[in-house]
6 protein chains.
Amino acid sequence: MGAIVTFGETMLRLSPPDQQRLESATTLEVVPGGAESNVAVAAACLGRPATWLSKLPSSPLGRRVVSELRRYGVTVEVVWTESGRQGTYFLERAGQPRGTSVIYDRANAAVTSATADELATETIREAETFLTSGITPALSSTLEQTVGDVLEIAQVAGVQTAFDVNYRSTLWTPAQARDTLEQYFPAIDVLITPARDARNVLERAGDAGTIATDLAEEWDFETVVITCGADGATAYADGTLVERPAFETETIDPIGTGDAFVGGFLASRLEDRSLGTALEYGGAVAALKRTIPGDVAVVTRAEVDRVVEGDHAVIAR
Amino acid sequence: MGAIVTFGETMLRLSPPDQQRLESATTLEVVPGGAESNVAVAAACLGRPATWLSKLPSSPLGRRVVSELRRYGVTVEVVWTESGRQGTYFLERAGQPRGTSVIYDRANAAVTSATADELATETIREAETFLTSGITPALSSTLEQTVGDVLEIAQVAGVQTAFDVNYRSTLWTPAQARDTLEQYFPAIDVLITPARDARNVLERAGDAGTIATDLAEEWDFETVVITCGADGATAYADGTLVERPAFETETIDPIGTGDAFVGGFLASRLEDRSLGTALEYGGAVAALKRTIPGDVAVVTRAEVDRVVEGDHAVIAR
Amino acid sequence: MGAIVTFGETMLRLSPPDQQRLESATTLEVVPGGAESNVAVAAACLGRPATWLSKLPSSPLGRRVVSELRRYGVTVEVVWTESGRQGTYFLERAGQPRGTSVIYDRANAAVTSATADELATETIREAETFLTSGITPALSSTLEQTVGDVLEIAQVAGVQTAFDVNYRSTLWTPAQARDTLEQYFPAIDVLITPARDARNVLERAGDAGTIATDLAEEWDFETVVITCGADGATAYADGTLVERPAFETETIDPIGTGDAFVGGFLASRLEDRSLGTALEYGGAVAALKRTIPGDVAVVTRAEVDRVVEGDHAVIAR
Amino acid sequence: MGAIVTFGETMLRLSPPDQQRLESATTLEVVPGGAESNVAVAAACLGRPATWLSKLPSSPLGRRVVSELRRYGVTVEVVWTESGRQGTYFLERAGQPRGTSVIYDRANAAVTSATADELATETIREAETFLTSGITPALSSTLEQTVGDVLEIAQVAGVQTAFDVNYRSTLWTPAQARDTLEQYFPAIDVLITPARDARNVLERAGDAGTIATDLAEEWDFETVVITCGADGATAYADGTLVERPAFETETIDPIGTGDAFVGGFLASRLEDRSLGTALEYGGAVAALKRTIPGDVAVVTRAEVDRVVEGDHAVIAR
Amino acid sequence: MGAIVTFGETMLRLSPPDQQRLESATTLEVVPGGAESNVAVAAACLGRPATWLSKLPSSPLGRRVVSELRRYGVTVEVVWTESGRQGTYFLERAGQPRGTSVIYDRANAAVTSATADELATETIREAETFLTSGITPALSSTLEQTVGDVLEIAQVAGVQTAFDVNYRSTLWTPAQARDTLEQYFPAIDVLITPARDARNVLERAGDAGTIATDLAEEWDFETVVITCGADGATAYADGTLVERPAFETETIDPIGTGDAFVGGFLASRLEDRSLGTALEYGGAVAALKRTIPGDVAVVTRAEVDRVVEGDHAVIAR
Amino acid sequence: MGAIVTFGETMLRLSPPDQQRLESATTLEVVPGGAESNVAVAAACLGRPATWLSKLPSSPLGRRVVSELRRYGVTVEVVWTESGRQGTYFLERAGQPRGTSVIYDRANAAVTSATADELATETIREAETFLTSGITPALSSTLEQTVGDVLEIAQVAGVQTAFDVNYRSTLWTPAQARDTLEQYFPAIDVLITPARDARNVLERAGDAGTIATDLAEEWDFETVVITCGADGATAYADGTLVERPAFETETIDPIGTGDAFVGGFLASRLEDRSLGTALEYGGAVAALKRTIPGDVAVVTRAEVDRVVEGDHAVIAR
């Protein structure tokens, strides 16, 4: 079965329990989190072979990232290095008006020096879909080059390439992001972007359908997916627009929702599901993710199928 | 004061904290839980002498069950055995669309070999009310026989018998359940059943009032109570139908709600309260239960009285 | 910059995690809590120098109180004593119909023997605003005298005096409270009272505006603030009535809301903000407080400014 | 089977986990602890009917004490009161040179107003052995009277009376203790005392054997037991001196060791064991206690028998 | 690089924190544990490809086992089934005289119905070493047959077979064990046995060297290893006896020590290390294991090398 | 009373509970730790005014450091910056042969850009003793310059300067350290160094007394202290050598021992204690520190006095 291969940074996320403040909490919960590995976990949970490529410090912290991804069935192919840090981020979850907040501490992470030469590009060539996101090139100029290189490697090998815009305002400006991403667009088959990023970064206007169509036509993407949070998602492919609402969900942890969506969508497409069904799978994994503490969607195929089919969970006794 | 005596299995419930997944949680919280002992705890909290009969493995796990029930004032009379396991169940609490789920691990529990001969039947004979539920006979063929025996013992001794249908689809089919339960019905005075079980298992139709009336008339029950979750409860006795709404509640743990209701209802009836008041007491204990982590309703008489009287809780400072 | 100085009791608050019952919880979380020190923390978080005066037992428990207040930037000037206890209170947080409940265990606290002679009254004289609340005189007859003494010391020194009625039914009756508080009123510049206390204790009628106006006119207060919980707050000063709604908030811990309001209001007034702006600052600190576990408002100036300006918190990534 | 009945105060013990300091710990572990109820638990664990008499505040804290004792099989007969506190104590466990330390907060506990009139003295009259300790009369002058009363009630009823000297320097001076205790001595059959208290309080000199003999002869005690910590224990009865070494133990929590010894000794004597065997049972329960977190000896008969028989615990797989 | 493949049961281990008693602990820590998978983890940590074969229930509990083994780099090839339980065991850690104790709850585990037909025997055929232990055939008569079958499959395929006697008295008698194991002996190349089992089960006498030599000669084993706990280990191969002492270790969790030894020994032998060096590697992994909570030896190659080389760990700052 | 002022980096320390591995722990405990602030806390606990100077990121993490130091009575004067990280370190505590290990993640910490111009040098000028350590200049070339500057500022102002060699092999080589430190030596009055660093970095030979004498004579230090861990400490001043053994201690957390010693020594010297007494105070604070989890010595004056006086801690009841 064709595999999904992703490339990017995975951080250790440190967060206080019970909506405590970072300023006073005495313990922090540790989980791994990174856009591209989150996608890989979601795909693996749906039964799709998934591999994550990266570069990590040769330390208990780097091993921690690897062990947590392996536990969910993701194959990990990383370059181990003695230089560079393990990126971390601190998350404080809270209700309004305090709101959830994030402090990234990812500068000089080991991955920032990763080059296409040292990565497991053979694995990319053998993939069915290769994904990375707009976070990766924003991390260093080396990675800006590397992302271009690996997308080209995938394209040349005939691998489907997918890209999630994932704009991060703490890493670069919209203009910087747009300049860089547009260089990648010719090598990308499937573009996924939050509507917000499409507007702020890609400078698109209009509703989700218009944005999807315009992007697809301008850059000749095979597929464009516009995610609109609680308002669902819209996709364009083969001249057709499809729209699906989001599933209702009781949110306990919002981080990783978009990645869960991407993992569900891509895995479903690799099963030759229709565009609409794939949006539903993406939405179902995303809705389940929000009920689960941590960045990753630890779900089962059966759970996702049930949500897609619209069945309400009842306690089976 | 006349006592309530109940008979059944109590498991150890193991559940991850903070809506974590069973697949990844590193600690589990342990509490006891079992339909009939939950009823006994609720009754004891209302001031009614309550005794729970069962058979347990002679191990720290069996002693754990006993000690947790004793702490809430229930008298425990168990047969200790070197054979048979301590039944457990794993509970994963979650919001929609994930939903709360349960994995029972109760096969070959010590109680499954319990016979009327070895149980403290003298205690049953001296009770004012004896209760068991539809879970107990579903656990083994020995217990199917035992339940019939102890109901007969109670009936012969002039003890009021109460029975909660409590259908568990993981233990038997509706048809198997109906066949078995109907053999017990002649020995039962008070039948309590969720409306859902009345429809699926007892093959009744119509609204709660119709079901209650029909069951009472067909099987000559002294009292029939139909519980309808958030929609309240309906009871039939002495030719009269009474209905009460459920109290509003902020649910933190739904498990044990029905048992809390039964304990509140039976304890109230033993105080010679009217059918309607007893439904209110059942509903009040049930509503309080849902705000409390764990299977059992650790409540005080004063709290229940306050809820029945419709007083909103305010912070008394 | 002129300082706020407050005087009162700070207890150690002991509360079960996760809405467990005090009757069965095996661990308790410990935080400090006291009306007047809560006010000092809120003011300090807004950048205002704040000092808390009290009397504490010379023990790890007394030191615990001091260390927790210092961590939030409050200067602590306490009399250490070998006699008298550290007051505690037990808090059980729960949803309806159980409701949150409190057990005070504060009798014979060290502070109950505090006299004006031994307190750091020089610090009061150098303050810009001095605050205490109706809880303090209710704790002992010594404190009833002491509160009168320190208010007079402040008044004589030309320090603005503020007083939060803070009626506690477990400490005295409304009539006792009224008799005592009215003796203090001539020495008070700023009176803050929950509408509920104004009605029950001060025997006022009418809406919040009427109450504020009547109190100000009868007792010649410079400022009167009436807090109405989720319905906002009303203030009267210089012949003008101002009203502000409360900010929406997702409550995780309601204790300390009123104190957070007072701290925000007073700190804002000391910055020469208008009455209406000060009500908004009070409301913003209060709204943030309710999202934070514990009695004290661990907030930043920037967060409070953001809430006052009406910005919704979004995850900044 | 003849029961042991004990009378005294049980506190809630609050202690930081993992050898943290009280001054900085954010959570506290809660367990009940009191000399006389500790004895009752130890006796109940050995299979002896045991009842604890006391007076408690009608609150979740008082109910907490009751529920924790009941869980270990102790029958609880308490007077519930609206006045008086629940006594607590704070325990900080630590190695040398810091050392374990204790802060008692037991003044004005509900039990301090308990009189013989209101206690369940009928239960004392029906006991086989009645025990209290030197802590109880030290708590209040009312209790000083009550202890004399209940000892007399027991003596008149022909119940064996046992008394553990248990001197507490935070409650009274050695001279005060001696004066009070010597008034009780004529009513006491079995005197148990740490060698240290015998020397400091009872002003005895010489080795343990000499002390035991002298005390027995002077006051005509039926039995005298002198405990010497890690050096074992010595008992005198019927003109004979018996000595037994302590069992080796890996201490995780030293609190309650003496009470565990007393419970084991008395329970064993009630089985008509020899004085030496009873010392061994006391020592075995004490040694096991020190391996268990908390004040009470949660042990099984089989474990104690094994230790007495000198068998080393091995992992039975 | 040639792989180690192991076959057996992995349970979920549930244990109270902080040496609490199972009878009263409110939380349990969960980790996986099973002799054969423990060996696989140890080997994987040393860099050896390791695969674990088994049969598991298709549930979150079964997935939990898989995910925990995968995190440490073990490849998992299991048969998923809807029937059969997830085996568990309860562990209470304690010092003397209480001692650490274990309650197995492994009857009817899913693995007990595993047959050679359904297992991934192709993986066995491709292994360099195949290991199982005396626990596996003791679990069911089906497994008794299956173990014989898979050993034969390995032998026929020219795979080195290793077997750890691992006698469990809760599963069978010494005589039953001996009868069964001796049937396997002709198919076994490397026999590893605790000296205690060699004496009790295999009915050998003499010192470790004598036992090793006698066993090797009688059954024509290629290698025999006798483990003697803190007294080290002795091995016989090619007519030579080698003995190595154990490394000193500060034990925090003794469970899994033997398996860690086996994993280290076998992995080292697969690197063509001498018999003595392999004993040292086994001993080093075992010593490290005892400092780590849980059943499995989460170690790094570098740590093990350092211990073998006799370097004391110092804090590298 | 003359104050101690220290300057350096304080990190957040993240460590798994219960000797778990960093590779698998799911929660981390957070405490602040830094050589110079540890010294300040120890001095403050002994009653000496203590101020810590540094530069911190304007974030919850930076505020966390400040709040934790303030709680122990240290005055904090920091430069807040928007650039630069909060340094962290990961600590894994373990017994032998695993051993305790540390992963520093302190590159690019905010403090690395601190210059004498922006620090509160007025506070240094008003100090009685100013301390920094060999860690600070090793963090950046800016800090190498800054340390020289602030030592000179102190010297010019007539403030006693103290310096702890504190060599960190992860930051620089012995040769680099020696070159840098020797440039500071002319400005240093009190040199404190582990014997190990004196040998490896300062290239001294001989016993502690010889090293102390040689250093003092060569560099004209007022005082030289050589610490030898469990072997005690030796000091040289005014032509005299003094030696003191270490106090026995049950170590639960070794990190921060040296800093506790320095804080105790310096605070004692500021009380005009003799050299020998100051060594004893240093040793007593160090011994207590090792019984306390975390980097800082949360002790009381009374505890330290008791240890110096050689009294064994007993449970005072």
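Along each chain, the written sequence defines residue order, and numbers are assigned to residues from 1. The lettering of chains begins at A and the numbering of ligands begins at 1, in the order of writing. pLDDT decides what is reported in this predicted model: residues at 70 or higher carry local features, side-chain atom pairs at 80 or more are listed and counted, and totals for whole chains, interfaces and linings draw on all residues regardless. Water and hydrogen atoms were dropped before computing side-chain values, which therefore reflect all heavy atoms in the structure.

## So, the overall build of chain A
Put simply, the rule reads: Numbered from the N terminus, helices here are DSSP runs of H or I no shorter than four residues, and strands are runs of E no shorter than two. Categorising residues by exposure relies on relative accessible area from a 1.4 Å probe, with only protein chains included: less than 20% of the type maximum marks a residue as buried, more than 50% marks it as exposed, and the intermediate range marks it as partly exposed. Contact definition: two residues touch when any of their heavy atoms are within 4.5 Å. Under the counting rule used here, the positive set is Lys and Arg, the negative set is Asp and Glu, and His together with the chain ends is not counted. Throughout, a charge is located at the NZ atom of Lys, the CZ atom of Arg, the CG atom of Asp or the CD atom of Glu.
From N to C terminus, chain A includes eleven helices and 13 strands. With the C-alpha coordinates aligned to their principal axes, the bounding extent of chain A is approximately 55 × 55 × 40 Å. Looking at chain A as a whole, 64% of its 317 residues are labelled buried. Put simply, of all contacts in chain A between residues at least 6 apart along the chain, 69% involve residues at least 24 apart. Side-chain charges of chain A comprise 26 positive and 45 negative groups, with the mean position of each set lying 7 Å from the other.

## Some words on the interface of chain D and chain F
The figure often quoted for interface size is the accessible area lost as the parts come together. Put simply, the rule reads: A quick way to say it: buried area is the sum, across both parts, of accessible area lost when two parts are put together, with a 1.4 Å probe. Salt-bridge detection follows one rule: a side-chain nitrogen of Lys or Arg within 4 Å of a carboxyl oxygen of Asp or Glu. By the criterion applied in these results, polar contacts are pairs of N or O atoms within 3.5 Å in which, for protein atoms, one can donate a hydrogen and the other can accept it, and in which residues neighboring in sequence qualify only through two side-chain atoms. Nonpolar residues are Ala, Val, Leu, Ile, Met, Phe, Trp, Tyr, Cys and Pro. Charged residues are Asp, Glu, Lys and Arg, and all others, Gly as well, are polar.
Each side of the interface is counted separately: chain D has 19 residues, and chain F has 24 residues. For the chain D and chain F pair, buried surface summed over both sides reaches about 1,900 Å², with 50% attributable to carbon and sulfur atoms. If you sort the residues of chain D by the area they bury against chain F, Arg-21, Gln-96 and Pro-97 of chain D come out on top, with a joint share of 36%. Applying the counting rule to chain D against chain F returns one salt bridge. A salt bridge links Glu-303 of chain F to Arg-21 of chain D, with the nearest nitrogen and oxygen atoms 2.5 Å apart. Linking chain D with chain F are seven residue pairs in polar contact (both at pLDDT 80 or more), by the criterion used here. Of the residues belonging to the side of chain D that touches chain F, the class tally is five nonpolar, nine polar and five charged.

## As for the environment of Met-11 of chain D
Residues and elements named next belong to chain D. With respect to the helices and strands, the residue Met-11 is situated in strand β2 (residues 11-15). Classification of Met-11 by relative accessible area gives buried; the value is 5%. Taking C-alpha positions, Met-11 is 5.7 Å from Pro-32, a pair spaced 21 residues apart along the chain. Aside from chain neighbours lying at most four places away, what touches Met-11 is Val-31, Pro-32, Gly-33, Gln-86, Gly-87, Thr-88, Tyr-89, Tyr-104 and Arg-106.

## As for helix α5 (residues 141-156) of chain F
All names here are of chain F. We apply this condition: To estimate how far a helix should extend, the number of its residues minus one is multiplied by 1.5 Å. By arc we mean the arc of the directions from the helix axis to the C-beta atoms, nothing more.
For α5, built from 16 residues, the straight-helix expectation of 22 Å at 1.5 Å per residue is met to within 8% by its first-to-last C-alpha distance of 23 Å. When we look at burial in α5, the residues that qualify are Leu-143, Thr-146, Val-147, Val-150, Leu-151, Ile-153 and Ala-154. Down the axis of α5, the buried set is contained in an arc of 155 degrees. They therefore lie on one face. Exposed residues on α5 whose side chains face more than 90 degrees from its buried face are Ser-141 and Val-156. Next to the buried residues of α5 lie β1 (4-7), α3 (121-125), β8 (129-133), α4 (135-138), β9 (160-164) and α6 (174-184).

## A look at the sheet that holds β2 of chain D
Neighbouring strands of a sheet are bound in pairs by backbone hydrogen bonds; such pairs are parallel or else antiparallel. Heads up, the condition is: At least two DSSP bridges between two strands are required for those strands to pair. Interaxial angles span 0 to 180 degrees and are taken between N-to-C directions of axes, which are lines fitted to C-alpha atoms, for helices over the stretch in contact.
In space, the eight strands of this open sheet follow the order β7(C)-β6(C)-β2(C)-β3(C)-β3(D)-β2(D)-β6(D)-β7(D), with mixed pairing throughout. Across the chains shown, the open sheet's two edge strands, defined by having one partner strand only, are β7 (101-105) of chain C together with β7 (101-105) of chain D. Averaged over all pairs of adjacent strands, the angle between strand axes in this sheet comes to 30 degrees, irrespective of strand direction. Here strand β6 (residues 88-92) of chain D runs beside β7 of chain D; their pairing, made up of five bridges, is antiparallel. In the sheet register, Glu-92 of chain D faces β7 of chain D, and the bridge partner there is Ser-101 of chain D. Each of β2 (11-15) and β3 (27-33) of chain C together with β6 and β7 of chain D touches helix α2 (residues 60-71) of chain C; the most contacted strand, β2 of chain C, lies at about 95 degrees to it. Against the sheet, helix α2 (residues 60-71) of chain D makes contact with β6 (88-92) and β7 of chain C together with β2 and β3 (27-33) of chain D, and its axis sits at roughly 95 degrees relative to β2 of chain D, the strand it touches most.

## Description of the relation of the copies chain D and chain F
Selection criterion: Copies are brought into register by a least-squares superposition over C-alpha atoms of residues with pLDDT of at least 70 in both.
Each copy of the sequence occupies a distinct position, and chain D is placed on chain F by a rotation of 120 degrees and an axial shift of 0.1 Å, giving an RMSD of 0.0 Å. Here the copies are linked by what is in effect a three-fold axis. Using C-alpha coordinates, one finds that chain D approaches the rotation axis most closely at Asp-18 of chain D, a distance of 4.9 Å. In this assembly, only 5% of the residues forming the interface of chain D have copies in chain F that are likewise at the interface, indicating a heterologous arrangement.

## Some remarks on the interface of chain A and chain F
Contact with chain A, which involves 22 residues of that partner, is made by 22 residues of chain F. Considering only the surface of chain A that becomes buried against chain F, Glu-23, Leu-61 and Arg-64 of chain A emerge as the three largest contributors, covering 27% of it. The interface formed by chain A and chain F includes four salt bridges. Going through the elements one at a time, β3 (27-33), α2 (60-71) and β7 (101-105) of chain A are the ones with two or more residues in the side of chain A that touches chain F. Bridging between β3 of chain A and strand β3 (residues 27-33) of chain F involves three bridges; their strand directions are antiparallel. The partner of Leu-28 of chain A across the bridge, within β3 of chain F, is Leu-28 of chain F.

## Overview of the packing of aromatic side chains
Note the following rule: When the centres of two rings from Phe, Tyr and Trp lie within 6.5 Å, Trp using its six-membered ring, the rings pair. Their planes under 30 degrees apart give stacked, over 60 give edge-to-face, and anything left gives tilted. A ring is scored as having a charge over it whenever the NZ atom of a lysine or the CZ atom of an arginine sits within 6 Å of its centre and within 35 degrees of its normal.
For the structure on display, the rule yields 30 aromatic pairs over all chains. Put simply, the rings of Phe-185, Trp-219 and Phe-221 of chain A touch in pairs and so form one group of aromatic residues. Over the ring of Tyr-104 of chain B we find Arg-106 of chain B; its NZ or CZ atom is 4.9 Å from the centre of that ring.

## Considering the pattern of salt bridges
Side chains that differ in charge, positive against negative, can pair when their charged atoms come close. One pass over the structure, following the stated rule, counts 126 salt bridges over all chains. Residue Glu-92 of chain C is joined to Arg-98 of chain C by a salt bridge in which the shortest nitrogen-to-oxygen separation is 2.8 Å. Glu-92 of chain C gets classed as buried once you look at its relative accessible area, which sits at 2%. Three or more residues are tied together by salt bridges with common partners; here these are Arg-13, Arg-93, Asp-253 and Asp-295 of chain A.

## Notes on the packing of helix α9 (residues 257-270) of chain B against helix α10 (residues 275-289) of chain B
Residues and elements named next belong to chain B. We count it as follows: Each helix crossing is assigned a hand: it is left-handed if the near helix lies turned anticlockwise from the far helix by less than a right angle, otherwise right-handed if that turn is clockwise.
In the contact formed by α9 and α10, the axes pass within 7 Å of each other and the chain directions differ by 145 degrees. Where α9 crosses over α10, the two elements pack in a sense that is right-handed. Of the residues in α10, those in contact with Thr-257, Ala-260, Phe-261, Gly-264, Phe-265, Ser-268 and Arg-269 of α9 are Leu-275, Thr-277, Ala-278, Leu-279, Tyr-281, Gly-282, Gly-283, Val-285, Ala-286 and Lys-289.

## Thoughts on the pairing of strand β9 (residues 160-164) of chain C
Residues and elements named next belong to chain C. Among the five residues in β9, five count as buried, and that is most of the element. Of the two faces of β9, the one lined by Gln-160, Ala-162 and Asp-164 and the one lined by Thr-161 and Phe-163 are each fully buried. As paired elements, strand β8 (residues 129-133) and β9 share five bridges and run parallel to each other. Directly across from Leu-131, in β9, lies its bridge partner Ala-162. Pairing of β9 with strand β10 (residues 190-194) involves three bridges; the strand directions are parallel.

## Looking at the sheet that holds strand β2 (residues 11-15) of chain A
Reading across the sheet, the eight strands line up as β7(A)-β6(A)-β2(A)-β3(A)-β3(F)-β2(F)-β6(F)-β7(F) and stay open at both edges, with mixed pairing between neighbours. Unpaired on one side and paired on the other, β7 of chain A together with β7 (101-105) of chain F mark the two borders of the sheet. Between one strand axis and the next, the sheet turns by 30 degrees as a mean value, whatever way the strands run. As judged from the three bridges shared by β2 of chain A and strand β6 (residues 88-92) of chain A, these two strands associate in the parallel manner. When the sheet's bridge partners are listed, Leu-12 of chain A is paired in β6 of chain A with Thr-88 of chain A.

## Considerations on the relation of the copies chain A and chain F
Overlaying chain A on chain F yields an RMSD of 0.0 Å, the required transformation being a rotation through 180 degrees with an accompanying axial translation of 0.0 Å. The symmetry that links the two subunits is that of a two-fold axis. Among all residues of chain A, the one whose C-alpha sits closest to the rotation axis is Leu-28 of chain A, at a distance of 2.6 Å. Most of the interface of chain A is mirrored in chain F: 100% of its interface residues are interface residues there too.

## Topic: helix α1 (residues 35-45) of chain F
Counting buried positions over the eleven residues of α1 of chain F gives eleven, a clear majority of the element. Directly beyond the C-terminal end of α1 of chain F, a positive phi value near 100 degrees is found at Gly-47 of chain F.

## Describing the confidence of the model for chain A
Applied cut-off: Values of pLDDT, which run from 0 to 100, indicate the predictor's confidence residue by residue.
Taken over all residues, the pLDDT of chain A has a mean of 97, while the share at 70 or more is 100%. For this predicted complex, the interface confidence comes out at an ipTM of 0.94, alongside a pTM of 0.96.

## A look at unusual backbone geometry
Omega for the bond connecting Gln-96 of chain E with Pro-97 of chain E falls within 30 degrees of zero, at 5 degrees, which places this linkage in the cis form. Even without glycine at this site, Gln-19 of chain A takes up a positive phi of about 60 degrees. Structurally, Gln-19 of chain A is set in the loop between β2 and β3. Its identity is not glycine, yet Asp-238 of chain A carries a phi of approximately 50 degrees, on the positive side. Residue placement: Asp-238 of chain A occurs in the loop between β12 (233-237) and β13 (240-244). Asp-238 of chain A sits in the exposed class, given a relative accessible area of 71%.

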